[in-house]
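Given next are the chains, with one letter for each unit.
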Amino acid sequence: MTENYLLSLGFEPSAGTERSSRSSTAHSTTWRYRHAHAAQDGTRLYAEHPFGIARCRLSTLPAPLDQHDVLLDTDLNDNAALETAISSFFAAHGGIGTLIAPASANTFRPYRRGE
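Residues numbered from 1 in each chain as written. Predicted model: local features only at pLDDT ≥ 70, side-chain atom pairs only at ≥ 80, totals over all residues. Heavy atoms only, no water.

1. Considerations on the nonpolar core
With 18 residues, the main nonpolar core has Met1, Phe11, Trp31, Leu58 and Leu82 as its most contacted residues. In terms of residue count, the dominant contributor to this core is helix H2 (residues 79-92) (five residues). Ignoring any residue separated from it by four or fewer positions in sequence, one finds leucine 82 in contact with Met1, Tyr5, Leu6, Leu9, Cys56, Leu58 and Leu72. (Core = buried A, V, L, I, M, F, W, Y, C linked by side-chain atoms within 4.5 Å. Buried < 20%, exposed > 50% of the residue type's maximum accessible area, 1.4 Å probe, protein only. Helix = DSSP H or I, 4+ residues; strand = E, 2+ residues; numbered from the N terminus. Contact = heavy atoms within 4.5 Å.)

As structure tokens, this is what we get:
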């Protein structure tokens, strides 16, 4: 599963994730993506590759801690299961809804005293 593949499915890097910081190997970093569209009922869908484990998880939370919050936990190479789960998610929530505004980067600007 590659970043280009996830982008083609409608996912985008979630806030706080910079593309340049992710390495090219799928198993070396943690990544989180948010689907660009919310469901009709306003529910959002997230994809996560946690802590170097060769798994992909779908959830309605950006970083699910409880297994009950995970909609799908599949192998990184199981594209068919991922696509089916995404379709099932949107079908269960009334279809694809509005486009979510892209996450803006938070630029650090230190306070400077005028002297």
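2. Focus: the environment of histidine 35
Looking at where histidine 35 falls in the secondary structure, it is placed in strand S2 (residues 31-35). Sequence separation between histidine 35 and leucine 6 is 29 residues, and the spatial gap between their C-alpha atoms is 9.0 Å. Filtering out sequence-adjacent residues up to four positions away, histidine 35 remains in contact with Leu9, Gly10, Phe11, Leu45, Phe90 and Ile100. In this structure the side chain of histidine 35 is engaged in a polar contact, spanning 3.0 Å, whose partner is the backbone oxygen of leucine 9. (Polar contact = N/O pair within 3.5 Å; in protein donor to acceptor, adjacent residues only side chain to side chain.)

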